[in-house]
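Structural overview
Now for the letters of each chain:
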Amino acid sequence: MELRLSDLRNGESGTITSMGVSRGSHRMHGRRSGHGMHRSFYHLHHRDWGFIKRLEDMGLTPGTEVTVVKSAPFNGPLEVSVRGSRLAIGRGMAERIFVEVKR
Amino acid sequence: MTENNFTIALAGNANVGKSVIFNQLTGLHQHIGNWPGKTVEKAEGTLHFKGYSIDVIDLPGIYSLSTFSLEELVSREYIAVERPDLVINIVDASLLERNLFFTLQLLELETPMIMALNQMDMAKRKGIKIDHEKLEKLLGIPVIPTVAVSGTGIYELLEKAIEIIEKRVNMKPLKAQYGKEIEERIAKISNLVEKIQFKYPARWVAIKLLEEDKEVEKEILKINPKIVSTAEKLAREIEEIHGHSCSTVVTSERYEVASKMVREVQEITPPMKPPMRERIHTLTTHKIFGYPIMAVSVLSIFYAIFTFGDYTSGFLGDSLFGLKPIFDGMFGTGVAGKLVWGGVMEGIIGGVTVALPYILPFYFILYFLEDSGYLSRIAFLMDNIMHKIGLHGKAFIPVMLGFGCNVPGCLGCRIMETERERLLTAFVVTLVPCAATTVIILGLVGAFVSIQWALALYIINLLIIFLLGRLAFKALPGEPTALIMEMHDYRVPHLKTVLKQTWFRLWEFIKMAFPLIIVGSLVIKMIEILNLLEPIANVLSPVTVTWLGMPAEYPIGITLIFGVLRKELTLIMLATLVGTTNFAEVMTPVQMIVFTLVAMLYIPCIATIAALVREFGWKKAWFITVFEIVFAILVGGIAFRLLMLVY
């Protein structure tokens, strides 16, 4: 099933399907459900382009397996392992990464 | 370029040992400055090898050549426009895949290149074995295994570098192939690009246009807008085929090339039990234990630095003030003598007694922790808290620095990725009570009112930081950004590199702060000599006496103004002006609290303003300065009226 990276349990792995960013999402941060979210990747806002690009440059491309090692307390960032490297990803960012998980 | 004069650029990811190799190559012949017009650090050095004189440029540590950060832009422009004779790509052998992803991008810039396969020792400990000869064949560039910290392979690296520059070997660097549907479109665009004069290779431009690189689009748009619109159309086609944005498709395929290569050259036999560094990592990022460990580490560092600093500072100050009779003998005790000693020399002493005892150990520990990997763990733990003021975990580092001295704090804001984050972080840093402010809090309120009040002031300060940070975050346009940070494996820092970084930072501080501290001292002396104290105090009295409630019979308010020039002198000047160090004789507790509150909130000192100007330009620096002064006076006045109700 498809989940957000931030919804994975500690130690759980998934395969990245997409990075979802909706248009006009500038005021959207913190917790919010993904229903009705655009999955359109066309005409990304430049800032979104930048951060999605950054994640991809760090190795988080669609089809890549990513493991959530743990998350910092109080909704802190996630420690993930991808392509042999260890990254810290802010929760807001992790909420926009969609992964396919076998449960 | 003369016959035996070459330029080599070092490029690679962050934390691959690039600066260690840079130090191994150039020794003490280094110069660290900024890239012209950019707040990105540029490290240059020269080295002499077998009759060649080689300039080495250490490019910033980056993961890609897109335009996510200034560092990436600076690096690719340097390689494409300045055209170094050779690029040495430094690669972390223990993280081959991600490093190769960057290598492939460097190769697309079609520059002569060799690879230093570094941290071979680390890879070995992780059970990673790499067939570097095979890698060399696949990449079509020389690959030299190195262990920078022990100097292994550095000599071979240089020999190979010369060979390639002199074109004694002929190698054919790999051109990474993307999928057929992408290659066709790259060819179409690069045909168009070849017809115009452009600094980057046509194929590279074509790929970047497909990746929707804003900088390249902007520049090509100026030359021939048709190319951009054609590329956009072709990118849409790729998106239709793959169902992902074209930029994502290109990045994925590039990673696929790297990944395939890794499968061919690398073998892993993971060690049986988790190594020490993994256990330390787990402990220091633990959801319960991580925080006390961090608190103890940070507090003991501060304690150690302040203990050491206090002792050394006193010792240095006493020794240097011992020179006064000599100066009096040389310049007399007239106006000239007063200016030379009271202005210039006291300024220098003020600088020395701050820089050496406090800033030096601060930088040393900072770089030590950074190189070891602990700073990124602190950022990981603090991310959530920093988000409350619109920043992310990394911002904790400059803020922490600010508690020592705001100047390195402001300069440290460079670790933030975007201009907005840098400015926000710097604003927060300037509100942080530095060591000199702490001295005022403890020396005035702590000593003459009560230690509880001193503590309360500290807490009030933190609350104000929190509130103002949040306000600034709301006021400044732009999206809140998120943390994306690598936490590299723990390692023993390379002492020589840490020392060198410390030294360069200290030198940077001296160059920036000393002239201003001296000017500040001179101004104070001039005012004293010209007997301007009283007139100035009178002009200021509506603010200092009426609004802030400072005593009218002493020119106390004026020391607040001097505090902008040199905050560490505030108490000393206060003592000189009122003629006693027993401040309780001249000020009521309320006045002391208000005085401290104002000194705490306004802009720390002239050197901090200079740091702000350097990082953000005059306009923003003045805005922050004026805002904080006005804000401090406002809060001071309100506090005075409130406290009068209590006392």
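Predicted, not measured: the structure shown is a model, and the values here were computed from it.

With respect to the overall build of chain B
Check the secondary structure of chain B and you find 28 helices and 10 strands. For chain B, the C-alpha radius of gyration of 29 Å lies close to 26 Å, the compact-globule estimate for 647 residues. Taking the principal axes of its C-alpha atoms as reference, chain B extends roughly 85 × 55 × 55 Å. Counting over 647 residues, chain B shows a buried share of 46%.

Topic: the pairing of strand β6 (residues 113-118) of chain B
Along any regular strand the residues' side chains alternate between the sheet's two faces. Residue and element names in this part refer to chain B. Buried residues dominate β6, accounting for 6 of its 6 residues. Note that strand β5 (residues 86-92) and β6 share 6 bridges and pair parallel. Residue Ile88 lies in a different strand from β6, and its bridge partner there is Ile114. The sheet contact formed by β6 and strand β8 (residues 143-145) spans 3 bridges and is parallel.

Thoughts on helix α17 (residues 396-404) of chain B
Residues and elements named next belong to chain B. Across the 9 residues that make up α17, a large majority, 8, are buried. Here α17 has its buried residues at Phe396, Ile397, Pro398, Val399, Met400, Leu401, Gly402 and Gly404. Packed against the buried residues of α17 are α13 (290-321), α15 (335-372), α16 (374-387), α18 (406-411), α19 (419-431) and α20 (435-448).

Overview of the interface of chain B and chain A
In this assembly, 32 residues from chain B lie in contact with 37 residues from chain A. Put simply, the parts of the chain that give the side of chain B that touches chain A at least two residues each are α3 (96-108), α11 (246-265), α16 and β10 (484-486) of chain B. Among the elements that make up the side of chain B that touches chain A, the one with the highest residue count is α11 of chain B (5 residues).

Examining the environment of Ala93 of chain B
Residue and element names in this part refer to chain B. Position of Ala93 relative to the elements: it lies in the loop between β5 and α3. Judged by C-beta crowding, with 26 C-beta atoms within 10 Å, Ala93 ranks as buried. With 380 residues separating them in the primary sequence, Ala93 and Phe473 have C-alpha atoms 40 Å apart. Excluding its chain neighbours within four sequence positions, the residues that come into contact with Ala93 are Leu117, Asn118, Gln119, Met120, Ala123, Ile128 and Ile130.

Points about the confidence of the model for chain B
Confidence in the prediction for chain B averages 90 pLDDT; 99% of positions are at 70 or higher. Predicted complex, confidence summary: ipTM 0.85, pTM 0.88.

Focus: the packing of α19 of chain B against helix α27 (residues 606-616) of chain B
All names here are of chain B. Contact geometry of α19 with α27 gives a least axis separation of 11 Å together with a crossing angle of 180°. As judged from the angle between their axes, α19 and α27 are roughly antiparallel. Along its contact with α19, which presents Arg422, Leu423, Ala426 and Thr430, the element α27 presents Thr608, Leu612, Glu615 and Phe616. Across the contact of α19 with α27, the residue classes tally to 4 nonpolar, 2 polar and 2 charged.

Side note on the packing of helix α14 (residues 324-331) of chain B against α15 of chain B
Residue and element names in this part refer to chain B. Viewed as axis vectors pointing N to C, α14 and α15 meet at an angle of 145°, and their least axial separation amounts to 8 Å. Where α14 crosses over α15, the handedness of that crossing is right-handed. Contacts from Lys324, Phe327, Asp328 and Phe331 of α14 reach α15 at Ala336, Gly337, Val340, Trp341 and Met345. For the contact of α14 with α15, the class distribution of residues is 6 nonpolar, 1 polar and 2 charged.

Quick look at the sheet that holds strand β3 (residues 41-49) of chain B
Residue and element names in this part refer to chain B. A sheet is described by the order of its strands in space; here 7 strands give the open sequence β2-β3-β4-β1-β5-β6-β8, paired in mixed fashion. Lying at the two open borders of the sheet, with one neighbouring strand each, are β2 (30-34) and β8. Between one strand axis and the next, the sheet turns by 25° as a mean value, whatever way the strands run. Across the face of the sheet, helix α6 (residues 154-165) comes into contact with β1 (5-12), β3, β4 (52-58), β5, β6 and β8 while running at roughly 145° to β5.

Points about the nonpolar core
Residues and elements named next belong to chain B. Among the nonpolar cores identified, the biggest contains 180 residues, and Leu10 and Val598 are the most heavily contacted of them. Ranked by residue count, the leading element in this core is α15, at 10 residues. Core analysis: the second largest hydrophobic core is formed by 23 residues, Val205, Ile207, Ala235 and Val250 among them.

Some thoughts on the domain arrangement of chain B
The figure often quoted for interface size is the accessible area lost as the parts come together. Residue and element names in this part refer to chain B. As far as domains go, chain B holds domain 1 (5-165), domain 2 (180-268) and domain 3 (306-483 + 495-647). The C-alpha centroid of domain 3 is placed 40 Å from the C-alpha centroid of domain 1. On the domain 3 side, the residues contacting the 6 residues of domain 1 number 7 residues. At 3 residues, helix α1 (residues 18-26) tops the list of elements feeding residues into the side of domain 1 that touches domain 3. For the side of domain 1 that touches domain 3, the residue count by class is 2 nonpolar, 4 polar and no charged.

Brief notes about unusual backbone geometry
Positioned with a positive phi, Phe74 of chain A is a non-glycine residue whose angle comes to about 55°. Take Phe74 of chain A: it is sitting in the loop between β3 (65-71) and β4 (78-82). Of note, the phi angle at Arg83 of chain B is positive, near 45°, even though the residue is not glycine. Within the secondary structure, Arg83 of chain B sits in the loop between α2 (70-82) and β5. By the C-beta count within 10 Å, which is 14 here, Arg83 of chain B ends up partly exposed.

As for the confidence of the model for chain A
When pLDDT is low, close inspection of the predicted coordinates is not appropriate. Residue and element names in this part refer to chain A. Confidence along chain A averages 78 in pLDDT terms, with 72% of residues attaining 70 or more. Looking over chain A, one finds the lowest element-wise mean pLDDT in helix α1 (residues 46-57), namely 78, and the highest in β4, namely 96. Taken as a whole, residues 22-44 scores under 50 in pLDDT and shows 18 contacts with residues more than four places along the chain or in a different chain.

Brief notes about the sheet that holds strand β1 (residues 2-4) of chain A
Read from one edge of the open sheet, 7 strands run β1(A)-β6(A)-β2(A)-β3(A)-β4(A)-β5(A)-β10(B), paired in antiparallel fashion. With partners counted over all chains shown, the strands left at the sheet margins are β1 of chain A together with β10 of chain B, one partner each. On average, each strand axis in the sheet is tilted by 40° relative to the strand beside it, whichever way the strands run. By the bridge criterion, 3 bridges tie strand β2 (residues 13-19) of chain A to β3 of chain A in an arrangement that is antiparallel. Bridging from a neighbouring strand, Thr15 of chain A pairs with Glu65 of chain A of β3 of chain A.

Thresholds applied
- Residues numbered from 1 in each chain as written.
- Chains lettered and ligands numbered in written order.
- Predicted model: local features only at pLDDT ≥ 70, side-chain atom pairs only at ≥ 80, totals over all residues.
- Helix = DSSP H or I, 4+ residues; strand = E, 2+ residues; numbered from the N terminus.
- Rg over C-alpha atoms; globule rule 2.2 N^0.38 Å.
- Buried ≥ 20, exposed ≤ 12 C-beta atoms within 10 Å, placed from the backbone.
- Pairing = 2+ DSSP bridges.
- Contact = placed C-beta atoms within 7 Å.
- pLDDT = per-residue confidence, 0-100.
- Axes fitted to C-alpha atoms, helices over the stretch in contact; angles between N-to-C directions.
- Parallel < 35°, antiparallel > 145°, perpendicular 65-115°, else oblique.
- Nonpolar A, V, L, I, M, F, W, Y, C, P; charged D, E, K, R; others polar.
- Left-handed = near helix turned anticlockwise from the far one by under 90°.
- Core = buried A, V, L, I, M, F, W, Y, C linked by C-beta atoms within 7 Å.
- Domains from an automatic or database assignment.

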